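Listed below, chain by chain, are the residues.
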Amino acid sequence: MNERERFNTSLLTQESPDELPGIVREAAANGFNRRDFLKGTGVLIVSFSLAGAEKLLDMAETADAQVLATKVDSFVAIAADGSVTGFTGKVDLGTGTSIGLRQMLAEEVEVAYERITWIQGDTALTPPQGATVGSQSIASAGPTIRRAGAAARQFLVNLAAERLNVPASQLDVNDGVVFVRADPSKKMTYGELIGGARFNLDVPAAGQIQLKTADQFKVIGKPIPRHDIVDRILGTPFIQSVRVPGMVHGRVVRPPVDHATLISVDETSVSSLPGFIKVVVEGNFVGVVTEREEQAIRAAELLKTQWTTPEPALPDQANLYAFMRSINVDPGNIVNPVGDVEAAMAAAARVYDRTYEWPFQMHGSLTGPAAVADVGNGEATIWSGTQDAHGMRNPVSRYLGIPVEKVHIIWKETAGVYGRASIDDATLDAVVLSKAVGRPVRVQWMRGDEHRWEPKGPAHSMSVRAGVDEKGAITAWMFEDRTMRWNVSEPLAQRLINPIVADRTSNNGSGCAGQDYAFPARQITRRNLTWENKQDTGLRVNPLRAPGDPARAFASESLLDELASAARADPVEFRLQHLNSADADQKRVIDVIKATADRFGWQARYSPKPGVGGTGVATGRGFAFARRRTFVAAAVEVDVDQSTGEVLVKRIVIAHDSGLMINPDSITQQVEGQVIQTVGRALMEEVMFDRYKVISTDWVTYPIIKTTQFPAVEVVLINRPELNAGTGVCEPALNPVPAAIGNAIFDATGARLRRVPFTPERVKAALDAR
């Protein structure tokens with residue numbers, strides 16, 4: 001398949017050409033690359049220069065082959081028919097990010113949201129804007145898109161002023177039409193102004209162009225509904241559904257245990273199977289390729305391989321946390337210390353010293369990763385569900401030994417990945433197999449593959465000490481988090497073939513550890529474990545949604561609740577007493593705490609509630625606050641069956657302050673989804689393993705929350721139009737939830753839990769130990 005055919009297929013697999021507007025339909029029909037796509041369809045590539053169309057078309061002939069993040073034309077294009085296309089290297093992982101970014105472009109370009117076609121994550125069409133991680137797409141990509149849009153609108157207004165022979169100050173714009181304010185009949189459409197010409201302009205730096213203010217917004221802040229729900233329910237746009245001409249199917253045969261080395265492969269065990277094409281072996285990478293998918297599944301099951309049995313790499317799970325507290329750690333990183341914490345602790349009337357534990361957890365994507373790769377003639381085209389289309393070209397180019405510019409990745413939607421696809425394993429699997437057979441190869445991970453080999457969110461062992469005065473107020477706070485660095489720096493295929501990239505040095509963060517309170521003395525220390533004097537934990541470890549924050553919030557907010565109980569103080573009032581309303585950030589903490597309590601109908605009293613004990617069903621309420629850039633508080637109501645330890649989370653109220661809201665509907669949906677997912681993480685999710693491997697390989701051995709267990713979720717949004725958007729929406733709301741649930745269990749029963757998940761067995765043991 002040549003480049004034109006590949007590009008044509010990439011567009012056709014997104015939508016039927018008949019359903020695409022303007023320039024996108026023309027590109028799909030003609031198989032243009034981006035340069036043709038922009039040049040041949042009357043696209044506006046904006047410039048402050050008023051050079052003539054001839055000069056601008058000459059510029060198109062010498063346009064850069066790469067899509068540069070510094071150029072306006074990399075973000076916005078307007079065709080002669082007035083249709084608008086927006087481009088971004090960020091991708092929508094089911095969070096509604098594309099809607100928010102599209103709203104920001106529509107606002108500044110001054111066209112209706114519905115008239116914009118959105119293209120994302122195609123490395124031949126979109127600018128590199130970094131991985132879609134950390135709930136930062138709106139914050140990192142949005143301002144650039146707004147400035148590009150504003151530059152486009154400003155140029156068109158200036159051009160219209162010249163054409164209409166009036167000062168630009170006398171012109172207004174409405175939905176792609178520039179008109180004279182005093183005589184609206186004098187007007188020109190964006191399409192008329194472009195005339196098929198193509199322009200060029202650097203994206204203005206922040207502060208170099210006037211953006212709209214909150215009182216001028218027409219699109220930003222509007223609850224534009226999701227338009228992808230039906231397709232996502234049906235799975236029609238997903239990477240798992242991609243098919244290309246001439247495609248065959250592959251499966252990878254993994255080692256039986258971690259760190260095993262391949263001894264032999266018996267190709268004759270599968271070579272006579274129907275549809276067999278090839279067994280591919282490179283180092284410890286073993287794969288099979290067949291004509292049909294079910295044939296690949298069968299071949300992978302029957303292929304005879306022999307592997308070494310290495311020394312066990314994992315600790316005894318029953319003693320995991322004791323092991324984590326016993327092994328070497330790095331010197332630690334003290335985060336934003338306040339005061340002399342040792343002296344304050346020594347002077348305290350009483351010191352509380354508690355340990356909290358958080359397990360390895362899975363990303364738990366509902367679909368296994370998949371990819372289609374077409375490798376040949378010194379280049380590669382890959383359809384992938386990666387969170388970092390541009391960045392994913394690097395491991396592909398290293399493996400193939402070709403320039404990164406020769407790697408074309410076309411992003412396709414997939415199920416929620418929560419950090420799992422920041423380095424996508426299926427992508428390189430497909431590349432290796434396609435290179436070996438010289439045909440497009442589709443690879444689909446099975447459920448057992450994904451549960452067994454996906455990178456896990458790391459475990460935490462956290463020690464928290466608090467000193468209080470005679471009245472129970474906190475005077476000293478020490479928090480230590482022991483966890484693992486992320487160790488996934490390359491796809492699994494590369495690790496099996498020949499590891500060539502050093503371990504990542506990124507850590508699991510340090511937020512939500514009590515630093516948002518006005519404690520007189522505070523020390524928060526992050527320590528990274530050294531596992532057998534190397535960064536190999538025996539498990540692949542990668543960021544999991546809100547990395548580390550729900551664990552630290554669980555520890556810090558659980559101890560805060562315990563201190564409030566010891567002081568016979570209401571948990572909400574106790575938190576408010578440790579905040580300073582004169583501090584702008586702490587005032588926002590106060591606001592979300594009060595908003596949550598008000599919506600919940602919180603009644604002031606200390607925990608646990610009077611009369612705890614017995615064996616029946618007990619009801620309790622819990623509270624917690626957490627901040628991952630965004631300010632969030634949670635109030636929870638639970639039922640606890642004291643005879644079995646079963647916990648039912650009935651109701652959760654969340655107040656959420658992420659600054660300027662782009663789309664309140666999307667924010668509400670994201671908060672609801674995070675809360676529901678995190679109830680499962682708090683009550684049941686824990687990776688199980690033996691000394692050699694993960695043994696949680698399906699939804700039975702790694703249960704997740706069921707629809708019958710969903711709580712009622714109420715969301716209170718606090719808008720800050722005077723602030724920037726994008727402190728984060730897709731992760732922060734989950735952080736206070738486990739602590740609030742644990743605090744509610746204590747309120748209902750008087751039993752304090754310091755290890756997640758709150759399984760019935762663990763809760764029952766705590767109840768019996770009251």
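These figures come from a predicted structure and were not determined experimentally.

Parameters and conventions
- Residues numbered from 1 in each chain as written.
- Predicted model: local features only at pLDDT ≥ 70, side-chain atom pairs only at ≥ 80, totals over all residues.
- Heavy atoms only, no water.
- Helix = DSSP H or I, 4+ residues; strand = E, 2+ residues; numbered from the N terminus.
- Buried < 20%, exposed > 50% of the residue type's maximum accessible area, 1.4 Å probe, protein only.
- Contact = heavy atoms within 4.5 Å.
- Areas by Shrake-Rupley, 256 points an atom, 1.4 Å probe, with all protein chains shown as cover.
- Polar contact = N/O pair within 3.5 Å; in protein donor to acceptor, adjacent residues only side chain to side chain.
- Phe/Tyr/Trp six-rings, centres within 6.5 Å; stacked < 30°, edge-to-face > 60°.
- Arc of directions from axis to C-beta.
- 1 Å grid on protein atoms, 1.4 Å probe; cavity = no way out; pocket = protein on both sides within 12 Å on 5 of 7 lines; lining within 4 Å.
- Points joined across faces, edges and corners; volume = space filled by probe spheres on them.
- Nonpolar A, V, L, I, M, F, W, Y, C, P; charged D, E, K, R; others polar.
- Core = buried A, V, L, I, M, F, W, Y, C linked by side-chain atoms within 4.5 Å.
- Pairing = 2+ DSSP bridges.
- pLDDT = per-residue confidence, 0-100.
- Axes fitted to C-alpha atoms, helices over the stretch in contact; angles between N-to-C directions.

**Q** How should the overall build of the chain be read in this particular structure?
**A** Along the backbone of the chain there are 21 helices and 24 strands. For the chain, with 770 residues in total, the buried portion stands at 61%. Restricting the contact set of the chain to residue pairs at least 6 apart, pairs at least 24 apart contribute 79%. Put simply, the chain shows about 28,400 Å² of open surface, and 49% of that area lies on carbon and sulfur atoms.

**Q** Just to check I follow, could you spell out the side chain of Asn284 for this structure?
**A** Tracing the sequence through the fold places Asn284 in the loop between β9 (276-282) and β10 (285-290). The buried category is assigned to Asn284, whose relative accessible area is 19%. Polar side-chain contacts of Asn284 include one of 2.8 Å to the backbone nitrogen of Leu262. Those residues within four positions of Asn284 in sequence are excluded, and the remaining contacts are Ala260, Thr261, Leu262, Trp307 and Leu496.

**Q** Explain the packing of aromatic side chains to me, please; I cannot follow it from the model alone.
**A** Ring pairs (aromatic) are described by centroid distance and by the angle formed between their planes. Counting across every chain of the model gives 9 aromatic pairs. Taken together, a centroid distance of 5.8 Å and an interplanar angle of 55° make the contact between Phe554 and Phe758 tilted. Highlighted residues: Phe554 in helix α16 (residues 549-566) and Phe758 in the loop between α20 (737-749) and α21 (760-768), separated in sequence by 204 residues. Like Phe758, Phe554 is buried. Taken together, the aromatic side chains of Tyr356, Trp358, Phe554 and Phe758 make up a single cluster linked through ring pairs.

**Q** I would appreciate a short explanation of α21 in the present structure.
**A** Think of an α-helix as turning once every 3.6 residues; residues three or four places apart then point the same way. Every buried residue of α21 is accounted for by Val763, Ala766 and Leu767. Within α21, the buried residues cover an arc of 100° as seen down the axis, which keeps them to one side. Exposed side chains of α21 directed beyond 90 degrees from the buried face belong to Glu761 and Asp768. Elements in contact with the buried residues of α21: β22 (630-641), β23 (647-657) and α20.

**Q** Help me understand empty space enclosed by the protein, please; the structure alone is not making it clear to me.
**A** With a probe scaled to a water molecule rolled over the atoms, the places where space remains empty come into view. All chains considered together, the criterion is met by 4 cavities of 30 Å³ or more. Of the pockets and cavities examined, the largest cavity occupies roughly 90 Å³. Lining the largest cavity are 15 residues; nearest its centre among them are Trp358, Pro458, Leu544, Gly548 and Arg681. Here the lining of the largest cavity is built from residues that sort into 8 nonpolar, 5 polar and 2 charged. In this structure, the second largest cavity encloses a volume near 70 Å³. Lining the second largest cavity are 13 residues, and of these Pro369, Ala370, Thr414, Val417 and Asp424 lie nearest its centre. Each residue belonging to the lining of the second largest cavity can be placed in one class, and the counts come to 5 nonpolar, 6 polar and 2 charged.

**Q** Mind showing me how you'd approach the nonpolar core here?
**A** Generally speaking, a soluble globular protein has its nonpolar side chains buried in company with each other. If you look at the biggest cluster of nonpolar residues, it comprises 83 residues, and the most contacted ones within it are Trp477, Leu563, Ile593, Val638, Ile654, Ile741 and Phe758. In terms of residues, this core owes the most to one element, β22, which gives 8 residues. Once residues within four sequence positions are removed from consideration, Ile654 is found in contact with Thr596, Val632, Ala633, Ala634, Val671, Val675, Glu714, Val715, Val716, Ala733 and Val737. With 47 residues, the next largest nonpolar core counts Ile78, Leu105, Val109 and Val178 among its residues.

**Q** Even after reading the chapter, I still don't get the pairing of β10, so can you show me in this structure?
**A** Put simply, side chains in a regular strand alternate between the two faces of the sheet. In terms of burial, β10 is a largely internal element, 6 of the 6 residues being buried. A two-sided burial pattern is seen for β10, the buried positions comprising Phe285, Gly287 and Val289 on one face and Val286, Val288 and Thr290 on the other. Sheet topology places strand β7 (residues 248-253) next to β10; 5 bridges connect them, and they run antiparallel. Across the sheet, residue Val253 finds its bridge partner in β10, namely Val286. Strand direction decides the pairing type here: β9 and β10, joined by 6 bridges, are antiparallel. The residue bridging Val280 from the neighbouring strand is Gly287, located in β10. Here β9 folds back onto β10, and the loop between the two strands holds 2 residues, one of which, Gly283, carries a positive phi near 60°.

**Q** Sorry if this is basic, but what is going on with the environment of Val341 here?
**A** Tracing the backbone shows Val341 in helix α11 (residues 341-347). Judged by its relative accessible area of 4%, Val341 is buried. Taking C-alpha positions, Val341 is 9.3 Å from Gly467, a pair spaced 126 residues apart along the chain.

**Q** Can you help me understand the confidence of the model for the chain in this one?
**A** Where the model shows low pLDDT, its predicted coordinates should not be examined in detail. With 89% of its residues at a pLDDT of 70 or more, the chain shows a mean pLDDT of 89. This stretch, residues 1-32, has a pLDDT under 50; its non-local contacts, to residues over four places away or in other chains, come to 65 contacts. Under a pLDDT of 50 for its full length, residues 34-65 has, in the predicted model, 94 contacts with residues more than four places off or in other chains.

**Q** Which parts of the structure should I look at to understand the sheet that holds strand β14 (residues 370-376)?
**A** Strand pairing in a sheet relies on backbone hydrogen bonds, with the paired strands running either antiparallel or parallel. Reading across the sheet, the 7 strands line up as β9-β10-β7-β17-β14-β15-β16 and stay open at both edges, with mixed pairing between neighbours. Since the sheet does not close on itself, it has two edges, and those belong to β9 and β16 (407-411), each with one partner. Strand-to-strand, the axes of this sheet are offset by a mean angle of 20°, without reference to chain direction. Each of β7, β10 and β17 (441-444) touches helix α9 (residues 293-302); the most contacted strand, β7, lies at about 20° to it.

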